[in-house]
Amino acid sequence: MRLVISLVASLVFGSAVGQSSQTMIFAHNDYGKPIPFFAAYHQQADFIEADVFLYNDKLVVAHTQSEISLDRTLDTLYLKPLQQQIQKNRGAAYPNSKPLSLMIDLKSEGVATLTKLVAELKTYPDLIKCKSLLITISGNVPEPATWKRFPEFIHFDGRPGIEYTPDQLKRIRLISTSFSKHSSWNGKGVLTAAERLEIERIVKEAHEKQRPIRFWGAPDFENAWIKLMEAGVDVINTDRVDALADLLRQIPQRSFTSQRKQAAYQPLYEVTKWTDAPRNVILMIGDGMGLSQLYSGYTANFGSLSIFNIRDIGFSITTASDSYITDSAAGATAMATGKKTNNRFIGVDSLGNPLISILETLKLSGAATAIISNGDVTDATPAAFYAHQRERSLSEAIALDFTASSSTILIGGGKAHFSNRSDRKDLLADLRRAGYAVGTDFDSIDSFTAKKFVLLDDSAVVSKLKGRGNFLSKSLEKTLSVFRKQPEDFFVLLEGAQIDWGGHNNDMGYVVTEVLDFDQAVATALRFADDDRETLVIVTADHETGGLSILDGDISAGSVYGNFSSNDHSAVMVPVFAYGPGAQHFRGIYHNTRIHDLIQECLSKSRKH
Ligand SMILES: [Zn+2]
């Protein structure tokens, strides 16, 4: 995982254009592509290769003599278009003055072909003068001893194992060798230790000469590219320039390395001290938190997660009424009410009829309730526990539903939907009149002494990467400290909203930092449950977001690398972790509606006592 570490380091220190600073693209056999030159040029390939024959005193571009066609000349396919671009860029090969090597692979006899090339290039003074264009010769390269006979604008492709003089080395642009000469690896999994050492030996030799290294004929797909980069290969030889360019652009977003380990909480499991059934429930929903998100967090946190210390585990099938793939509205409604509904529907059935949520039921029976989210409290997941709307985006109507249904404590973002409304109602004033302490500054949370309060502070719910503090765990701690002093049973719904946002953004660092923050809140809940012995903690998700797959990682380095197959939710089941009295009932595989039913069943057992 050195790749990931070095890439993250280069990001921290501000690498150029979001692309790996060290990896270069070699567009192999570019002349054979449907759009020679321009496709690779558009991707800003560092090397663009053309095979060239001297034929009838013309330089023609072809792979074998039999494929020669006289209208495919070096001149028309490469030199003229390059000249146009250089003129457009006011003398630079690329607009951003990144160097471009035009790799000319001499297929016919070296000296004669190169002599002809030099003569032809002299008719293109713009190319010769261009400092960021490096005309580089490979294939039938003339003897190094003869290089000084060719003008200085001609560079050469070197080979490992040759002792070049200092003057010859100056003419070498890169060092290349055949992959199969050094390894029989097929590109799947990892290189054997011996093969890796051999590749690293070649890399080291080139780097001692301060030249980049390329292997031609290496496996040409993502895993192989990544492993070669990790072995220090700077120039990736590819027939798939677009795919490699995309990957290099995406690597910074697809990888993450933690700077430090955060402590995980190890629950005590003093089961004999637990009550038979829970009196209190803390339901924690990591929005978009599938197994890959969790395992990314575990990997980046050096192999530790509070959530992974929970032993009662199930899986939740998340389908919606009208869709194989749920959104947060239908997913949360299922968990809140025990009924499947349509996507976008909040606390109503698929016909739009209001459903009673577990939070509302418990409130009616006298329990204290709390809703905590590090997104807007009117967003789909928290809303499904108190609102009844056929459209999740009706944030003002959802906020109004809160004042009717209300929960004892409400903490999150989304203040504007309460106090800056199109109907000019001031719901925060209404809530004050209804006996709530109302705050809009999260820093004031410790000063709340009221039993009922609403705290909406948008600046406190930015992403973890943008500086959110311990909002979730602090909100939960405060809530539990208020509830602990009261005789009533309680229900807490806590949402880690932004794991989902990281997934939608296809951003591994965003996902991981949000999972780890959520895990801190889980630690708070588990610690409370150990102390209290009457509280059931359930940790789950409404769905997975991003179709994340983990492609590499290093637990000892805290680094993880993956790929997102979608910018939306996926259909895969999500895990359910349960701790405390009743936790064993959450084992197995079931629909998300069952989470509601199980909570209700567990609580009703305690009520009978
Ligand atoms: Zn989402």
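Residues numbered from 1 in each chain as written. Predicted model: local features only at pLDDT ≥ 70, side-chain atom pairs only at ≥ 80, totals over all residues.

Could you give an account of the overall build of the protein chain, with specific residues and numbers?
Counting secondary structure elements, the protein chain contains 20 helices and 24 strands. In terms of overall dimensions, the protein chain has a C-alpha envelope of 100 × 55 × 45 Å along the principal axes. Across the 609 residues in the protein chain, those meeting the buried criterion constitute 50%. (Helix = DSSP H or I, 4+ residues; strand = E, 2+ residues; numbered from the N terminus. Buried ≥ 20, exposed ≤ 12 C-beta atoms within 10 Å, placed from the backbone.)

Describe helix α8 (residues 222–230), with residues and values.
Buried residues dominate α8, accounting for 7 of its 9 residues. Buried within α8 we find Ala 224, Trp 225, Ile 226, Lys 227, Leu 228, Met 229 and Glu 230. Just past α8, the residue Gly 232 takes up positive phi, approximately 100°.

I'd love a proper account of the sheet that holds strand β10 (residues 255–257), names of residues and values included.
Two orientations exist for strands paired in a sheet by backbone hydrogen bonds: parallel and antiparallel. Spatially, β10-β21-β20 is the arrangement adopted by the 3 strands of the open sheet, whose pairing is antiparallel. At either margin of the open sheet sits one strand with a lone partner, and together these are β10 and β20 (548–554). Taking the axes of each pair of neighbouring strands and ignoring which way they run, one obtains an average angle of 20° across the sheet. Pairing between β20 and strand β21 (residues 559–564): 6 bridges, direction antiparallel. Considered in β21, the bridge of Gly 553 is made with Val 560. Helix α19 (residues 508–532) rests against β10 and β21 of the sheet, and its axis sits at about 45° to β10. (Pairing = 2+ DSSP bridges. Axes fitted to C-alpha atoms, helices over the stretch in contact; angles between N-to-C directions. Contact = placed C-beta atoms within 7 Å.)

Please give an account of the nonpolar core that cites residues and values.
Across soluble globular proteins, you tend to see nonpolar side chains buried next to one another. Counting 105 residues, the largest nonpolar core has Met 284, Val 492, Ala 525, Val 537, Ile 538 and Ala 578 as the members making the most contacts within it. Sorting elements by how many residues they give to this core places α19 first, with 14 residues. Those residues in contact with Ala 578 that sit more than four places away from it in its chain are Ile 310, Asp 312, Leu 536, Val 537, Ile 538, Ala 583 and Phe 586. Phe 47, Leu 79, Ile 137 and Leu 228 belong to the second-largest nonpolar core, a separate cluster that totals 63 residues. (Core = buried A, V, L, I, M, F, W, Y, C linked by C-beta atoms within 7 Å.)

Before we move on, could you go through the domain arrangement of the protein chain and cite the residues and values that matter?
For the protein chain, the domain assignment lists domain 1 (2–257) and domain 2 (276–572 + 579–608). Of note, the centres of domain 1 and domain 2, computed from C-alpha atoms alone, are 51 Å apart. On the domain 2 side, the residues contacting the 8 residues of domain 1 number 14 residues. With 3 residues, the top contributor of residues to the side of domain 1 that touches domain 2 is β10. (Domains from an automatic or database assignment.)

Residues and numbers for the pairing of strand β6 (residues 154–158), please.
Along β6, 5 of the 5 residues are buried, which leaves the element largely enclosed by surrounding structure. Side chains Ile 154, Phe 156 and Gly 158 of β6 all project onto a buried face; the interleaved residues His 155 and Asp 157 project onto the opposite face, where all are buried too. In this sheet, β6 lies alongside strand β5 (residues 133–139) in parallel orientation, the contact comprising 3 bridges. Counted as the bridge partner of Thr 136 is His 155 from β6. Note that β6 and strand β7 (residues 172–178) share 3 bridges and pair parallel. Paired with Gly 158 across the two strands is Ile 175, which belongs to β7.

Lay out unusual backbone geometry with the relevant residues and their values.
A positive phi is found at Ser 97, a non-glycine position, where the angle reads about 60°. One non-glycine residue, Asn 506, adopts positive backbone phi at about 50°. Following the sequence through the fold, Asn 506 ends up in the loop between α18 (498–504) and α19.

Describe the environment of Lys 188, naming the residues involved and giving the relevant values.
Following the sequence through the fold, Lys 188 ends up in the loop between β7 and α7 (193–208). Taking the C-beta count within 10 Å as the criterion, Lys 188 has 10 such neighbours and is therefore assigned exposed. Residues Lys 188 and Asn 223 lie 35 residues apart in sequence; the distance between their C-alpha atoms is 6.6 Å.

Tell me about the packing of helix α17 (residues 471–484) against α19, and please be specific about residues and values.
When two helices pack together, their arrangement is given by the angle between the helix axes and the distance between those axes. Across the interface, α17 lies against α19 with an axial gap of 8 Å and an inter-helix angle of 20°. As far as their axial angle goes, α19 and α17 are roughly parallel. Considering the relative orientation of α17 and α19, their crossing is right-handed. Here Leu 472, Ser 473, Leu 476, Glu 477 and Leu 480 of α17 come into contact with α19, specifically with Asp 517, Phe 518, Gln 520, Ala 521, Thr 524, Ala 525 and Phe 528. In the contact of α17 with α19, the residues fall into 7 nonpolar, 3 polar and 2 charged. (Parallel < 35°, antiparallel > 145°, perpendicular 65-115°, else oblique. Left-handed = near helix turned anticlockwise from the far one by under 90°. Nonpolar A, V, L, I, M, F, W, Y, C, P; charged D, E, K, R; others polar.)

I'd love a proper account of helix α14 (residues 395–405), names of residues and values included.
Every buried residue belonging to α14 is among Ser 395, Ile 398, Ala 399, Leu 400, Asp 401 and Phe 402, and all of these are buried. In this structure, the buried residues of α14 make contact with α13 (380–383), β14 (409–413), α15 (416–419) and α16 (427–433). Ser 406 occupies a position one or two residues after α14 and carries a positive phi of about 55°.

An account of the sheet that holds strand β13 (residues 368–376) is requested, with residue identities and associated values reported.
The 10 strands are arranged β15-β16-β14-β13-β17-β11-β18-β23-β12-β24 in an open sheet whose pairing can be described as mixed. Edge positions in the sheet fall to β15 (437–439) and β24 (588–591), since each has one partner strand and no second. The sheet shows a mean angle of 15° between the axes of neighbouring strands, taken without regard to direction. Set on the sheet, α17 makes contact with β13, β14 and β17 (490–496); between it and β13 the angle comes to about 170°.

How would you summarise the confidence of the model for the protein chain if you had to cite specific residues and measurements?
With 96% of its residues at a pLDDT of 70 or more, the protein chain shows a mean pLDDT of 94. The low-confidence segment residues 7–20 (pLDDT under 50) makes 18 contacts with residues lying over four places distant or belonging to another chain. (pLDDT = per-residue confidence, 0-100.)

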